[in-house]
Amino acid sequence: MDKAKRIGILTSGGDSPGMNAAVVSVARCANEKGLQLMGIKRGYNGLLGLSDRPEDDIEYMAMETVLDIMDMRGTYLRTARCLPFLKPEVRMEAAKSLKKQGIEALVVIGGDGSYHGALELCKLGIPCIGIPGTIDNDLSYTEATLGYDTAVNVCVEAVRSIRATSRSHDRPAVVEVMGRNCGDIAMRTAIATGAEMVIVPEMEWDMLELADRLRYLIQKGNTRATLIISEHCWHKMKPFDWRKVIADSGRIIHEDDPLNSERLALVLKLLCNTESRATVIGYTQRGAIPTAYDSAFAFDAGRMAVDLLTKDVASFQNGYAIGVHDGRVYSTAFADALDENRKKFFDEDLYHLINRL
Ligand code: F6P
């Protein structure tokens, strides 16, 4: 096989702004090169006939359909996290299904879980290209993931509004953003909005120090300070009996009630004797319209994916992941992109600076 004639594309994992734009870019570039593009629905599930209507799981991406999805939010192809795909026999089925459909190569838009699946498919003789579609920016081989810029912009917009209301009421705010185990969305949002406190999963944090910081800010006249908190950082709190603080205030709290943003706002209110409110930004980060940066990144990534696929796909045993290096789109082997020895950079100095200024 010199070059693929029919290729597949799927989106997998959490949806991220720019996924549709990447599909459109692949479709347009594939069309120009005379490749046929098949859209696979709901991630790897679409290869396994797991849905209620398996006959709809693979769709020819005609140009008329494709051009219409450019402005659509979410992912037209739908997405899913496919746990069965962790099993070798299931991946064999998927490879067989691709071969049966005449799909010789696959573009996978997703995060690291999706990349692991793609790497395994490469080993089964299906050349794969990865486009890093996730808002989390948690992949160490790339400076940016598709959707991250949009997610940050959504958070910045939300925090600016929250800070306006906080100022009106002299009331501090706790704002929770997404990111899984990566604090990049929180850090970027904090520096872009002037938030005075940030908590991320990369760093241990201390409730009493946080309360000291808030008290200090209030004493200095900053009655609307903002704490940006990244999800999944609760286990990084140094031991502190926050339930006792709530119980001592006469409120009901149970042993198995977990700490969350709302309870954190309450604990700060009680420790600092100030009102405070919590907002969880949630899925607005994922369902947003991609920024110009993400849309252009999607275009460049799609174009590179097709360029790679029109080269000698027989040499694709390790597949390719597309990323950004020094501000430019580049490609590297999946195995390199997933190398666990390469640690994602976290700017500790910046973290301390935000919490100090
Ligand atoms: O990976 C994107 C992401 O939004 C993470 O930030 C978050 O932890 C996770 O997905 C949430 O997944 P779900 O939407 O399945 O709850």
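Here's what I pulled together on the structure shown here. This one's a predicted model, so the numbers in the text were calculated from it and none came from an experiment.

### Some points on the overall build of the protein
Counting secondary structure elements, the protein contains twelve helices and eleven strands. Relative to the 2.2 N^0.38 estimate, which gives 21 Å for 357 residues, the radius of gyration of the protein is 23 Å and therefore close to what a compact globule would have. For the protein, with 357 residues in total, the buried portion stands at 52%. At a minimum sequence separation of 6, the contacts of the protein that also span at least 24 residues come to 73%. Accessible surface, the protein as shown: approximately 16,700 Å² in total, 49% of it carbon and sulfur. Here the protein carries 43 positive and 49 negative side-chain charges, and the mean point of each set is 2 Å from the other.

### Thoughts on the packing of helix α5 (residues 148-169) against helix α6 (residues 184-193)
Any two packed helices are characterised by the angle at which their axes cross and by the distance between the axes. Between α5 and α6, the shortest axis-to-axis distance is 9 Å and the interhelical angle comes to 45°. Accordingly, the angle class assigned to the pair α5 and α6 is oblique. Note on packing geometry: the crossing formed by α5 with α6 is right-handed. Between α5 and α6, the residues in contact are Y148, A151, V152, C155, V156, V159, R160 and R163 and D184, I185, R188, T189, A192 and T193, respectively. Of the residues belonging to the contact of α5 with α6, the class tally is eight nonpolar, two polar and four charged.

### A short note on helix α4 (residues 112-123)
When the terminal C-alpha atoms of α4 are compared, their 17 Å separation across twelve residues agrees well with the 16 Å that a helix rising 1.5 Å per residue should span. Those residues of α4 hidden inside the fold are in contact with α3 (88-100), β4 (105-110), β5 (128-132), β10 (320-325) and α11 (334-337). G125, located one to two residues past α4, shows a positive phi value of around 90°.

### Describing the pattern of salt bridges
One pass over the structure, following the stated rule, counts 15 salt bridges. The residue E59 makes a salt bridge to K41 at a minimum N-O spacing of 2.9 Å. Taken together, the residues E59 in strand β3 (residues 58-60) and K41 in the loop between β2 (36-40) and β3 connect sequence positions 18 residues apart. Note on accessibility: E59 and K41 belong to one class, buried. For the salt bridge of K244 with D248, the shortest nitrogen-to-oxygen distance reads 2.8 Å. In this pair, K244 and D248 are both assigned in helix α8 (residues 242-248), four residues apart and thus about one turn of the helix distant.

Reading the values: the criteria
Residues numbered from 1 in each chain as written. Predicted model: local features only at pLDDT ≥ 70, side-chain atom pairs only at ≥ 80, totals over all residues. Heavy atoms only, no water. Helix = DSSP H or I, 4+ residues; strand = E, 2+ residues; numbered from the N terminus. Rg over C-alpha atoms; globule rule 2.2 N^0.38 Å. Buried < 20%, exposed > 50% of the residue type's maximum accessible area, 1.4 Å probe, protein only. Contact = heavy atoms within 4.5 Å. Areas by Shrake-Rupley, 256 points an atom, 1.4 Å probe, with all protein chains shown as cover. Lys, Arg positive; Asp, Glu negative; His and termini not counted. Charge placed at Lys NZ, Arg CZ, Asp CG, Glu CD. Axes fitted to C-alpha atoms, helices over the stretch in contact; angles between N-to-C directions. Parallel < 35°, antiparallel > 145°, perpendicular 65-115°, else oblique. Left-handed = near helix turned anticlockwise from the far one by under 90°. Nonpolar A, V, L, I, M, F, W, Y, C, P; charged D, E, K, R; others polar. Expected span 1.5 Å × (residues − 1). Salt bridge = Lys/Arg side-chain N within 4 Å of Asp/Glu carboxyl O.

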